Amino acid sequence: MGIRAKISLIILMTLVVMGAIQFWVAQRVIKADLAKSEAILAQSQICAFESALEGRLQSLVKLASKQTYWGSGPGPARVAPAGESLPEDLLVENDLKAVAVTDSKGAIVWGVSVDMGDRGLRPLPAGFRDYLLQEGRRLETAGQAFVAKGILRLPDGFHLLAAHPVRLDQSETPEWGFVFLLSRFDREEIARLPLPPGTHVDLWPADGVNLPPDARAAVIAITGGDRYYNSVSPEGDQSWGYTVRPDLFGRPSLLARIVQPARFPRETARSGKVMLIHFAVTGALLLIITLIMMNRTVTIRLATLTDDIRRIRQGGKASERVGARGRDEISVLADSMNTMLAAIDEAQWRLSEREVYFRSLIARSHDALIICDANLQLVFASPSVQRLTGYSPAELAGRDLRLLFISEELHRVEQAVEQMLAKPDENIMIEVRIRHRDGSERVFEAIGSNHLADPAVAGFVINARDVTDRKEAEAALQRSYEEMESKVETRTAELSAANERLTSEMVERERIHENLVRLERAIANITLGITVT
C-alpha cells in the first residue's frame, strides 16, 4: 500500500470516527431534548386529566351545595334543590349512584342509591355505608365548614365523592349535617373527560400492593413530594404520565396512568437519518477537499522525496542530495536527510581513507594477517601471505589451513585451537612448521586470538611470521658456540698439562736448590774443620 493510500485511509478512518462520535453525541442530545419534550407533553396530559377530573368534582360539590334536607313536617324526608326534585330525579338526571345524609357526628340519617337499569331506588351500597360510618369521627372533627371532594374506592370500582354541609331541619337554629353525592368513575365517565384522541387512562388503588413496577415507582415519587411522574413504555411507543388523587380527607386513593402514543420516536428516527446523511455528505466533501490539499501539499512532495531516497539508495552515492524547499515539516525532513547524507559521505570518505591506510600497512607488513573460521577455513589473508607461503590469498580462500602444516605439527595446531576456544580473552602463541609451495619447510611463529563472538570478525585472527632464517641463524650460532666450547676445553686441557709440568719443574728446582744449599753448608763445615785442625 502506497503512502497516498495510507494517508487516505487514515483520513477516512479519522473522519468516520469523528463523524460517529458527533452523530452519537447529537443523537444523545436530540434524544434528551425529545425526552424532555415528551415529559412536558405527558405533564400537559396529566394537567388536562386533573383539570377535567377537578371540573367534574367541582360540579358535584356545586350540586351538593344546592341540596336541602328536612326531615320534619308532612311528607317523606328528602333531599332536593329547594325541595323541587325528588331523589330519583336527582340521581338520574345528574348521573349519581347514591345520595346520603349524615348528622354532624357522621351517623347516617338518610340515603338512597339508584339502579341505572330500572331506575329504581335502592338502599345505600354496603361499602359506601361502611365508609361513612368509619369516617364519622373525622366528620365530627371537621365541623360545619367541611366541604370536600375526592375519590372513593368501593368493591365495584372507583367513584367520585363530594361532601357539603346541609340543614337537617327548618327551625331558626337548625341542626346541621352533611350531604354526600356519589358518582360513578368508570371508563364511560373517563371517556366523557376532554382528553386528546388516542389517550386512555389506567386506574389503580394508590395503596395497592400488586402495582406494576412503573406504577409503584410513580406512587413513591409523587407521595414523596414530586407533583408529576412520567415514563415511557418498554417498547418506546407510549408515553405514560402518572397522578395520585386523594379521598375526602387527603389520603392517596387513586393512581391514574394517562397513556398516550409517544409522539417523538418518528422524529428521533427521522432526525437520526437526516443527521447521518448530513454527516456522510459533509464527511465526503471534507475527505475530498482534504485529499486534494494533502495531495498538493504532502503526498506529491513525499512521493518526490521517496523517489530521491530510492535513487540514492540504488546508486549508493551518499554525495547526492534530496530536494528541499520550503519551511514546513517535509522540508525539515529533507534537510535532515541531506545532513545525514553529508555525514555518511564524510564517514565513507574517512572510512575509505582508513581502509587504504590499513591496506597499505597490511600489504607492506612482513607478517601475514589471517582470519579463519572455527573449522580453520580461510576467510581472509593479507597479501604478504603469498611471499611467506608461495600461495596467493585467492588460492587459499575457503581452504582448510591444516593442508599447509606438516603432518607432525597437526596435533600442536589442534591444541592451540582448543586453547583459543577455552580462553577467548588470551593470545595463544605457537611455533609450527609448514610446507612452502616450493616444497621446502618453513618455520612460522603465530599468535592467535578468538574473535568468534565479534559479529564483525566471527573467526580466529592469526598473525604469523616466517622465522626460518632466524631459526637457522640460531642453529649456526649454536654450532659455533659448541665448536668454541670444544676448542676452549682443548686449550684448557693443554694449559692444565703445561701448568702441571711447570709446577713439577718448579718443585724439582726447589728440591735441587735445597740440596745445593745443604751441599754448600756441608762443604762449608768441612772447610771450617780443616782450617781448625
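Refer to the structure presented above.
One structure accompanies this document, and this report is about it. (Residues numbered from 1 in each chain as written. Predicted model: local features only at pLDDT ≥ 70, side-chain atom pairs only at ≥ 80, totals over all residues. Heavy atoms only, no water.)

Turning our eyes to something else, we now look at the pattern of salt bridges. Between side chains of opposite charge, a pair can form as their charged atoms come close. Here the structure, examined in full by the defined rule, presents 23 salt bridges. A salt bridge links R251 to E135, with the shortest nitrogen-to-oxygen separation between them at 2.9 Å. Remark: E135 occurs in the loop between α3 (126-134) and α4 (136-142) and R251 occurs in the loop between β11 (238-246) and β12 (252-261); sequence separation between them is 116 residues. With relative accessibility at 30%, the residue R251 sits in the partly exposed group. Taking relative accessible area as the criterion, E135 reaches 5% and is therefore assigned buried. Two residues, R251 and D247, come together in a salt bridge whose shortest N-O distance is 2.9 Å. A residue is classified by how much of its surface remains accessible, and D247, at 8% relative accessible area, is buried. Three or more residues joined by partner-sharing salt bridges are found here, namely E409, R412, R433, R435 and E441. (Salt bridge = Lys/Arg side-chain N within 4 Å of Asp/Glu carboxyl O. Helix = DSSP H or I, 4+ residues; strand = E, 2+ residues; numbered from the N terminus. Buried < 20%, exposed > 50% of the residue type's maximum accessible area, 1.4 Å probe, protein only.)

A grouping of E482, E483, E485 and E489 is seen on the molecular surface, where their side chains present a negatively charged patch. Summarising the element assignment, E482 is placed in helix α12 (residues 468-532). Judged by relative accessible area, E482 falls into the partly exposed class, the value being 47%. (Patch = residues over 30% accessible without salt bridge, like charges linked within 9 Å, V, L, I, M, F, W, Y side chains within 5 Å. Areas by Shrake-Rupley, 256 points an atom, 1.4 Å probe, with all protein chains shown as cover. Lys, Arg positive; Asp, Glu negative; His and termini not counted. Charge placed at Lys NZ, Arg CZ, Asp CG, Glu CD.)

Further remarks concern the environment of L286. Tracing the backbone through its elements, the reader meets L286 in helix α7 (residues 265-315). For the pair L286 and L12, spaced 274 residues apart in sequence, the C-alpha separation works out to 9.7 Å.

Looking now at the sheet that holds strand β16 (residues 441-451). Across the sheet, five strands lie side by side as β14-β13-β17-β16-β15; this open sheet has antiparallel pairing. What marks the edges here is a single partner per strand, and that holds for β14 (378-381) and β15 (428-435). With direction set aside, neighbouring strand axes in the sheet form an average angle of 30 degrees. Relative to strand β17 (residues 459-466), β16 runs antiparallel, the two sharing eight bridges. Bridge pairing in β17 places G448 opposite I462. Of the strands in this sheet, β15, β16 and β17 touch helix α11 (residues 410-422), which is tilted by about 150 degrees from β15. (Pairing = 2+ DSSP bridges. Axes fitted to C-alpha atoms, helices over the stretch in contact; angles between N-to-C directions. Contact = heavy atoms within 4.5 Å.)

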